[in-house]
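Per-entry structural report
Here's the letter readout for the chains.
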Amino acid sequence: MEYLKQAAPRTAGEEEAVRERVADIIRNVRERGDQALAEYSARFDGSARTALRVSREEINAARAKLTTQELDDLERAAANIHSFALAQKGCLSGLEGVSNAEGATLGHRVIPAGSCGCYVPGGSYPLFSTALMLIIPAKAAGVRRVAACAPAVKGTDRIHYKTLAAMDIAGADEIYAVGGAQAIAALAYGTEQIAPVDIIVGPGNQYVAEAKRQCCGRVGIDFVAGPSEVMAIADDSADPRILAADMLAQSEHDRLAQGILVTTSRGLGEAVLQEVERQLEGVETAEIARASWETYGEVVLADSLEEAAEIANRRAPEHLEVIVQDERVLPRLVNFGSLFIGQEAGEVLGDYTSGPNHTLPTMGAARYTGGLWVGTFLKVCTFQRYSRDAMGQAAPLAARMAHGEGLAAHARAAELRLELL
């Protein structure tokens, strides 16, 4: 393995300071509710809004700003996401009729969460695609109450109209104009205007991520996401222009994003480096993309596709593109958020239109979890029913094991049931 371009190491930064600030925000929202939310909205977003829930009139006004093409695009993307989520849900079914003794019935039920909060970040861009990706799987899962939050556009009291329209198209039951760590605290603990939820999903900046971490336990969360990342494994059959474009598409997210190319071809790696520089000249987001690429971009020369797979599995990237002639390497790839096979399956398609979710694990978390999906909002809860005869067979075993652990009351609970015989 050889680096043609190596990323700078990530620094711990001000993690402790962020933890303390977020803890203060959560504590303030818990104690002062909507008053604290209003103060934070004014301080961070320049919003004077006090009525946090978005009205039907605001939603209709936002939809009216969309062109016919924009509205059609959102609805088509939503349909793709919805159909894939329903197909995934179809793989999860109730289980009944399992028995390990005559008269015993075991199984499980698949139950949707009662409520969820979907956090849609604002930041530099209106990320309306994320509204679709979060809300639609929740509704497909059968969540009864979906509350969506997004910050107001800086200096206004309104969510960006494209994001607001997407939230409505996706099926949100409630929409609130509030962002940041304070929105996570409100969804977790509740305020006068916002009732608490059972699970919170969605990406955000370091303050949002830390708030989700601190509120986890009080509510469920999908995962704690970090900066976005893409890795491409490619041989000399790949087009360097496409690879360079994919690296820059990831790099323009923010200055901490990362694009990584792992290739078995020195010529391809060098061509991509040159092509990135050429394409940066014509990209409107070049300032951010260049900063990200120069600091964290990588081009790695692997001795073989097998070594490339090992590198990918160690890194466990959020997005993994594979553009190679010999696809026998595919079964070796086991750690990734989402896999894009072939030059035609660009990560950008997954961001918007293909259907699988784009809310994915980062920073190596794909080693132990997949991305957000309809199952994120579903609980698999077991049940069991015993006849008296079946209980008579199981209770002595349970009692002996309880005695073995020194738990006399457990043993007695089993032994008493034997008196029913």
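The sections below set out a description of the structure shown in this document. (Residues numbered from 1 in each chain as written. Predicted model: local features only at pLDDT ≥ 70, side-chain atom pairs only at ≥ 80, totals over all residues. Heavy atoms only, no water.)

1. Digging into the overall build of the chain
- The number of helices and strands found in the chain is 15 helices and 14 strands.
- Seen through its C-alpha atoms, the chain measures out along the principal axes to roughly 85 × 60 × 45 Å.
- Put simply, the chain has 421 residues, and 49% of those count as buried.
- Within the chain, contacts between residues separated by at least 24 positions form 74% of all contacts whose residues are at least 6 apart in sequence.
- Averaging the positions of the 41 positive and the 56 negative side-chain charges in the chain gives two centres separated by 8 Å. (Helix = DSSP H or I, 4+ residues; strand = E, 2+ residues; numbered from the N terminus. Buried < 20%, exposed > 50% of the residue type's maximum accessible area, 1.4 Å probe, protein only. Contact = heavy atoms within 4.5 Å. Lys, Arg positive; Asp, Glu negative; His and termini not counted. Charge placed at Lys NZ, Arg CZ, Asp CG, Glu CD.)

2. Description of the pairing of strand E3 (residues 104–112)
- Of the strand pairs in this sheet, strand E2 (residues 95–98) and E3 are connected by two bridges, and their pairing is antiparallel. Looking at the pairing, Val98 lines up with Leu106 of E3.
- Hairpin connection between E2 and E3: a loop of five residues separates the two successive antiparallel strands, and Gly103 in this loop has a positive phi of roughly 95 degrees.
- Alignment of E3 against strand E14 (residues 378–386), held across nine bridges, turns out to be antiparallel. The residue of E14 that forms the bridge with Pro112 is Leu378. (Pairing = 2+ DSSP bridges.)

3. Considering the sheet that holds E14
- The sheet built from three strands is open, its strands ordered E2-E3-E14 with antiparallel pairing. One side of each edge strand has no neighbouring strand; the edge strands of this open sheet are E2 and E14. Neighbouring strand axes in the sheet, compared pairwise and without regard to direction, differ in orientation by 15 degrees on average. (Axes fitted to C-alpha atoms, helices over the stretch in contact; angles between N-to-C directions.)

4. Overview of the packing of aromatic side chains
- The final tally for this structure, using the stated rule, is one aromatic pair.
- Relative to Phe44, the ring of Tyr40 lies with its centre 5.6 Å away and its plane at 5 degrees, an arrangement referred to as stacked. Of this pair, Tyr40 and Phe44 are both found in helix H2 (residues 34–45), four residues apart, which corresponds to roughly one turn of the helix.
- Judged by its relative accessible area of 6%, Tyr40 is buried.
- Classification of Phe44 as partly exposed rests on a relative accessible area of 36%. (Phe/Tyr/Trp six-rings, centres within 6.5 Å; stacked < 30°, edge-to-face > 60°.)

Any functional reading would require information that these geometric values do not contain.
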